[in-house]
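What follows is each chain in one-letter form.
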Amino acid sequence: MKFAVIVFPGSNCDRDMFDAVRSHLKEDVEMVSSSTTDLSNFDAILLPGGFSHGDYLRSGAMASVAPVVRAIKEEADKGTFILGVCNGFQILLEAGLLPGAMLPNRDLAFICKTDLVRVANNNTVFTNLYEEGAALKLPIAHGEGNYYCDEATYRCLVDHHQILFTYENNPNGSAYDIAGICNERGNVLGMMPHPERAVEALLGSEDGLKLFQSMVANWRGSHVQHT
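Residues numbered from 1 in each chain as written. Predicted model: local features only at pLDDT ≥ 70, side-chain atom pairs only at ≥ 80, totals over all residues. Heavy atoms only, no water.

**Here we look at unusual backbone geometry**
Its identity as a non-glycine residue notwithstanding, L108 has a phi of 55°, on the positive side. Mapping L108 onto the fold places it in the loop between β5 (101-103) and β6 (111-119). Phi at Y176 is positive, roughly 60°, even though this residue is not glycine. For Y176, a relative accessible area of 36% corresponds to the partly exposed category. (Helix = DSSP H or I, 4+ residues; strand = E, 2+ residues; numbered from the N terminus. Buried < 20%, exposed > 50% of the residue type's maximum accessible area, 1.4 Å probe, protein only.)

Given below as structure tokens:
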């Protein structure tokens, strides 16, 4: 399986994402510039955290019109697995690949700590190696992680089982405790907590590793079915 880690000006979690795939999944991975216009030779696309374009205008707003985003949309339509973490989630929202918007944290302060996150839906390509309801220790690090959606959007998310992760103690004010959502098709996931920073005990938690392992297992399973 071949992963692309998209590097925007201001990304700072790209190396963490790269290392999680190369060192812990033992899968092929490449750093790819945001000026790239073709991602067709990748099986999964990872949008890392950071401060793309300095978070000017809004977090993720400028990155959402980078040349690579058109290619990301094309791959999303094909069913390619796409994961956006933290700033990557913000970019997916700004690009319209996921519903809702991101607001400044409730207390208007940057939050950097490990928090408890619940698996709300384990029947997806990103979560099916977890037990539903499992409590994960995952780092969070953001100033604009307060997820917002209106009631109609929330009902749609619930009806289509798109809420994958929720906060146990909601550190940022996110609507309905939402920490991560996917698109209706289930191949695009955005989440504020950082699974790539929780892939080995030395870092304080291995709870993020199964997310990446789920992606690999589902990709391999789908390719076995088609051979």
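**A look at the UniProt feature "active site" (unreviewed entry) in the protein chain**
UniProt tags C86, H194 and E196 as "active site" (unreviewed entry). These annotated residues cover 111 residues of sequence, and their C-alpha atoms all fall within 11.0 Å of one another, placing them together at a single site. Secondary-structure assignment places C86 in the loop between β4 (81-85) and α3 (87-94). Owing to a relative accessible area of 5%, C86 belongs among the buried residues under this scheme. Here H194 lies in the loop between β11 (188-191) and α5 (209-225). Apart from residues no more than four positions distant in its own chain, H194 is found in contact with C13, G49, V85, C86, L138, P139, I140 and A141. (UniProt positions renumbered as here; feature names shortened; annotations may be inferred. Contact = heavy atoms within 4.5 Å.)

**A short note on the environment of G84**
Structurally, G84 is set in strand β4. Along the chain, G84 and L47 lie 37 residues apart, while their C-alpha atoms are 4.5 Å from each other. In contact with G84, not counting residues within four places along its chain, are L47, F89, L92, L189, G190 and M191.

**So, the packing of aromatic side chains**
In the structure shown here, the tally under the stated rule is four aromatic pairs. Where F51 meets F110, the ring centres are 6.5 Å apart and the plane angle is 35°; that geometry is what we call tilted. Here the residue F51 occupies a position in the loop between β3 (44-47) and α2 (67-78), and F110 occupies one in the loop between β5 and β6, the gap between them amounting to 59 residues. Classification of F51 by relative accessible area gives partly exposed; the value is 39%. The exposure class of F110 is partly exposed, given its relative accessible area of 47%. Relative to Y176, the ring of Y154 lies with its centre 3.5 Å away and its plane at 10°, an arrangement referred to as stacked. Of the two residues, Y154 is situated in helix α4 (residues 151-159) and Y176 in the loop between β9 (163-167) and β10 (178-182); the sequence distance between them amounts to 22 residues. (Phe/Tyr/Trp six-rings, centres within 6.5 Å; stacked < 30°, edge-to-face > 60°.)

**Considerations on the pairing of β9**
For a regular strand, side chains alternate in direction, first toward one face of the sheet and then toward the other. Counted residue by residue, β9 has five buried out of five residues, so it is predominantly covered. Bridge count between β6 and β9: three bridges; the pairing is antiparallel. If you follow V117 over to β9, its bridge partner there is Y167. In the sheet, β9 pairs with β10 via three bridges, with the strands oriented antiparallel. Within the sheet, the bridge partner assigned to T166 lies in β10 and is I178. (Pairing = 2+ DSSP bridges.)

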